[in-house]
Amino acid sequence: MYGAKLKGRNALNEFNIYEESQEIKRNQLHDDILTAADHHQFELYYQPKVNMRTHEILGVEALIRWNHPEKGLIMPNDFLPFISNHPLEIHIGQWVIETAIKQMSHWIDQDHPIGISVNIAGYHLQSSGFMDNLLETFRRYPNVPYNLLELEILETSAIDDLHQVDSILSECKMIGVKISLDDFGTGYSSLSHLKKLTVDTLKIDQTFVRNMLEDENDLAILTGVIGFANAFKRNVIAEGVETRAHMENLIELGCDWGQGYFIARPMPAKKLQEWMTQWRLNPILSAVTH
Ligand code: C2E
Ligand code: MG
Ligand code: MG
Ligand code: MG
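Since we're looking at a predicted model, the values are computed, not measured.

1. Observations concerning the pairing of strand β4 (residues 116-120)
For β4, the buried fraction is high: four of the five residues fall into the buried class. Taken together, the five bridges between β4 and strand β5 (residues 149-154) define a ladder with parallel strand orientation. Its bridge partner being in β5, valine 118 is matched across the sheet by leucine 151.

2. Topic: the coordination of the magnesium ion (ligand 3)
For the magnesium ion (ligand 3), the protein coordination sphere consists of Asp182 (OD), Asp183 (OD), Glu239 (OE) and Glu239 (OE), at 1.9 to 2.7 Å. Linear spacing of the donor residues for the magnesium ion (ligand 3) on their chain is D-D-x55-E. Between the magnesium ion (ligand 3) and the magnesium ion (ligand 2), both coordinated by aspartate 182, there is a metal-metal distance of 4.1 Å. The exposure class assigned to aspartate 182 is buried, which follows from its relative accessible area of 6%.

3. Here we look at helix α9 (residues 216-231)
When the terminal C-alpha atoms of α9 are compared, their 22 Å separation across 16 residues agrees well with the 22 Å that a helix rising 1.5 Å per residue should span. Elements in contact with the buried residues of α9: β6 (178-184), α7 (191-196), β7 (201-204), α8 (206-210), β8 (235-238) and α10 (244-253). For α9, the N-terminal cap is aspartate 215; the gap from its side-chain oxygen to the backbone nitrogen of asparagine 217 is 2.8 Å. Positive phi appears at lysine 233, one or two residues downstream of α9, with a value of about 55 degrees.

4. Quick notes on the layout of surface pockets
Computed from the structure, the largest pocket encloses a volume of approximately 1,200 Å³. Lining the largest pocket are 41 residues, and of these Leu63, Pro76, Asn77, Leu80 and Asn119 sit closest to its centre. Counting residues per element, the ones that place at least two in the lining of the largest pocket are β1 (42-51), β2 (57-68), α2 (87-109), β4, α3 (122-125), β5 and β6. The leading source of residues in the lining of the largest pocket is β2, at five residues. Residue classes in the lining of the largest pocket are distributed as 18 nonpolar, 13 polar and 10 charged.

5. Description of the site of ligand 1
Near ligand 1 you find 22 residues, and of these Arg65, Asn119, Asp182, Glu242 and Tyr261 are the closest. Here ligand 1 has 800 Å² of accessible area as a free molecule, and 85% of this is covered by the chains. When each cavity is represented as a set of grid points, ligand 1 is found to reside in the largest pocket. Of all the secondary structure elements, the ones that give two or more residues to the shell around ligand 1 are β2 and β6. In terms of residue count, the dominant contributor to the shell around ligand 1 is β2 (four residues). Here the residues of the shell around ligand 1 sort into 10 nonpolar, six polar and six charged.

6. Digging into the environment of asparagine 143
Considering the arrangement of structural elements, one finds asparagine 143 in the loop between α4 (130-140) and β5. Between the C-alpha atom of asparagine 143 and that of methionine 104, which follows or precedes it by 39 residues, the distance is 8.9 Å. Non-local contacts of asparagine 143, meaning those with residues more than four positions away in its chain, are made with Ser105, Ile108 and Asp109. Only 3.2 Å separates the side chain of asparagine 143 from the side chain of aspartate 109, close enough to count as a polar contact.

7. A short note on the pattern of salt bridges
Scanning all chains against the criterion turns up 10 salt bridges. Note that lysine 49 is salt-bridged to glutamate 152, the shortest N-O span being 3.7 Å. Taken together, the residues lysine 49 in strand β1 and glutamate 152 in strand β5 connect sequence positions 103 residues apart. By the burial criterion, lysine 49 is buried, and glutamate 152 matches it. Notably, a salt bridge pairs arginine 53 with aspartate 256, separated by 2.8 Å at the nearest N-O pair. With arginine 53 in the loop between β1 and β2 and aspartate 256 in the loop between α10 and β9 (257-258), this pair connects stretches of sequence that are 203 residues apart. Looking at arginine 53, the relative accessible area reads 43%, which means it is partly exposed. Look at the salt bridges and you will find they share partners, linking Lys49, Glu61, Glu150, Glu152, Lys203 and Glu239 into a network.

What counts and what doesn't
Residues numbered from 1 in each chain as written. Chains lettered and ligands numbered in written order. Predicted model: local features only at pLDDT ≥ 70, side-chain atom pairs only at ≥ 80, totals over all residues. Heavy atoms only, no water. Buried < 20%, exposed > 50% of the residue type's maximum accessible area, 1.4 Å probe, protein only. Helix = DSSP H or I, 4+ residues; strand = E, 2+ residues; numbered from the N terminus. Pairing = 2+ DSSP bridges. Donors = N, O, S within 2.8 Å, 3.2 Å for Na, K, Ca; no water. Expected span 1.5 Å × (residues − 1). Contact = heavy atoms within 4.5 Å. Polar contact = N/O pair within 3.5 Å; in protein donor to acceptor, adjacent residues only side chain to side chain. 1 Å grid on protein atoms, 1.4 Å probe; cavity = no way out; pocket = protein on both sides within 12 Å on 5 of 7 lines; lining within 4 Å. Points joined across faces, edges and corners; volume = space filled by probe spheres on them. Nonpolar A, V, L, I, M, F, W, Y, C, P; charged D, E, K, R; others polar. Near = heavy atom within 4 Å. Areas by Shrake-Rupley, 256 points an atom, 1.4 Å probe, with all protein chains shown as cover. Sits in = over half its atoms within 2 Å of the grid points. Salt bridge = Lys/Arg side-chain N within 4 Å of Asp/Glu carboxyl O.

Laid out in structure tokens, this is it:
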């Protein structure tokens, strides 16, 4: 009996120590992220989105990378979760928006207008001042039209507070900024909620694409989402197109837009021009017949 008690106490202590060490780690990471932002260690990579049937380049998605002086390239899933729902998430999110708009301004100056979509955390989207900051950033780059920017919102965060999120999305839509629902199919939005949401595009989560050829259920979900998008006059794009078979089957199902390693990996801005020239000369898709 004593044993059990002792064990219980120890477990509690261990739990506290674990919690404490997590807290210290988190604070350290927060400091590191602030320093990294000050020292320009963040960079946006860009991954093209294309019409797989016509080969038209639709735009690019901005994906954050952390060039850590000692640890090398750190991927977003290894640091963004630690700033979730924290003011730092807004700080980084604003940097992402500013950097993307500045990049578009630069491309427009070079006569290459390319639209960029940025991933926006629900916490950032719903923070006060989101719209004012967005408008202020656009004011600083007056050559960039609003409709070149797209916001990617996770399906899961869009349904967090449907009413509030939708009113912000409506404001964005009013000025022409595009909206897409990211990782679509992984959330639990009901069709009636979705019907009300002001979104232009559904981005089908890559897990469904990955297994579409082996898993009948995933194929059924894909087919359903594509049908739903068509019925509600939304665009639909597939993430995670890794093989020619993925691409061909998606086109067959009526999903022409795609993004994935088979088309292009995310790359630094300076590589994008070269990729576009190459793609226009000889898209890997040119062998596909219809
Ligand atoms: P996401 O927005 O769904 O982005 C797609 C992720 O899948 C990216 O990972 C991309 O590199 C990867 N990907 C693209 N094509 C393929 C493919 O064919 N196969 C596979 N297996 N993966 C592919 P990444 O860059 O590591 O980003 C992960 C997630 O982190 C993103 O998912 C997004 O939710 C978040 N994220 C990235 N950048 C930002 C940002 O600037 N702000 C915010 N708030 N979140 C970001
Ligand atoms: Mg995304
Ligand atoms: Mg996604
Ligand atoms: Mg994702």
